[in-house]
Amino acid sequence: MAKIQTVNQLISVFKDIATRHYQINGFGIGDDWENGASEDKMHPVLWINPVTANMPESESTGYKTFEIDFEVRVFDLVSKGESNENDVLSDCIDILKDIILEFKGHPYYVNSQLNIIDDISFEAVSYTHLRAHETLMNLVCRLLLEKKGLARACVVLGSSAR
């Protein structure tokens, strides 16, 4: 497997984790409001949104790292009367912790020099679901991922005189 170098490869990593996780039943990319576009989803759903990207310059090495900030959400349904709200919150936290541990411990991600930098915080958010008997709750965390050892050069070719 090739080393992770692009944003699309990072998105594929999240999709792969979602596919392999025993609790996650769906995956999506985009703003959180886009999650409601299709009501046919099974929950919980892992939803990511690449928010910002940065290439910090180091005096000694130049531009050798790429940082991308992902908003990572796990959406699940809370039943009417909120009898399962604590279970949903607990499951969402466990799923996000599993994702973080996967990035920190899986040999492929470690060998790809993919790191989570900065502190991670969690925030629970509830939405009224389109079906009146359920509320869509999601737990949000921001993962700032750093990819070290950028080795690819981007060459922009202009038109040449023929």
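Remember, predicted model here, so these are calculated numbers, not experimental data.

Draft legend 1. Inspection of the nonpolar core at higher detail. Judged by nonpolar contacts, the single largest core of 26 residues is most densely connected at Phe14, Leu46, Phe70, Val72, Ile99, Phe103 and Tyr109. At the level of elements, α1 (7–20), β2 (45–54), β3 (65–79), α2 (85–105) and β4 (114–117) are the ones that each hand at least two residues to this core. The contacts of Tyr109, once residues within four sequence positions are left out, are Ile4, Val13, Asp16, Ile17, Arg20, Glu102, Phe103 and Leu114.

Draft legend 2. Seen up close, the pairing of strand β1 (residues 26–29). Here β1 shows one buried face, formed by Gly26 and Gly28, and one open face, formed by Phe27 and Ile29. Bridge count between β1 and β2: 4 bridges; the pairing is parallel. Across the sheet, the residue bridging to Gly28 is Trp47, located in β2.

Draft legend 3. Examining the pairing of β3 more closely. Of all 15 residues that make up β3, 14 are buried, and the element is covered over most of its length. As paired elements, β2 and β3 share 9 bridges and run antiparallel to each other. Residue Pro50 lies in a different strand from β3, and its bridge partner there is Phe70.

Draft legend 4. Structural context of the pattern of salt bridges. By the definition in use, this model includes 4 salt bridges. A salt bridge links Glu71 to Arg73; the shortest N-O distance between them is 3.5 Å. Given the relative accessible area of 17%, Glu71 is considered buried. Linking Asp94 and Lys97 is a salt bridge whose minimum nitrogen-to-oxygen distance equals 3.8 Å. Taken together, the positions of Asp94 and Lys97, both in helix α2 and 3 residues apart, correspond to about one turn of that helix. Sharing partners across several salt bridges, the network here consists of Asp16, Arg20 and Glu102.

Draft legend 5. Local environment of the packing of aromatic side chains. With the rule as written, the count across this model stands at 3 aromatic pairs. A centroid spacing of 6.4 Å and a plane angle of 90 degrees characterise the contact between Trp47 and Phe75, whose relative ring orientation is edge-to-face. Here Phe75 lies in strand β3 and Trp47 lies in strand β2, a separation of 28 residues in the sequence. In this pair, the class of Trp47 matches that of Phe75, namely buried. Taken together, the ring pairs connect Phe14, Phe70 and Phe103 into an aromatic cluster.

Draft legend 6. The packing of α1 against α2, seen in detail. Put simply, α1 and α2 touch, their axes get as near as 11 Å, and they point 120 degrees apart. Between α1 and α2, the interaxial angle falls into the category oblique. Crossing hand, α1 versus α2: right-handed. In this structure, α1 contributes Val13, Phe14, Ile17 and Arg20 to the contact, and α2 contributes Ile99, Glu102 and Phe103. Along the lines of polarity and charge, the residues of the contact of α1 with α2 split into 5 nonpolar, no polar and 2 charged.

Cut-offs and rules
- Residues numbered from 1 in each chain as written.
- Predicted model: local features only at pLDDT ≥ 70, side-chain atom pairs only at ≥ 80, totals over all residues.
- Heavy atoms only, no water.
- Core = buried A, V, L, I, M, F, W, Y, C linked by side-chain atoms within 4.5 Å.
- Buried < 20%, exposed > 50% of the residue type's maximum accessible area, 1.4 Å probe, protein only.
- Helix = DSSP H or I, 4+ residues; strand = E, 2+ residues; numbered from the N terminus.
- Contact = heavy atoms within 4.5 Å.
- Pairing = 2+ DSSP bridges.
- Salt bridge = Lys/Arg side-chain N within 4 Å of Asp/Glu carboxyl O.
- Phe/Tyr/Trp six-rings, centres within 6.5 Å; stacked < 30°, edge-to-face > 60°.
- Axes fitted to C-alpha atoms, helices over the stretch in contact; angles between N-to-C directions.
- Parallel < 35°, antiparallel > 145°, perpendicular 65-115°, else oblique.
- Left-handed = near helix turned anticlockwise from the far one by under 90°.
- Nonpolar A, V, L, I, M, F, W, Y, C, P; charged D, E, K, R; others polar.

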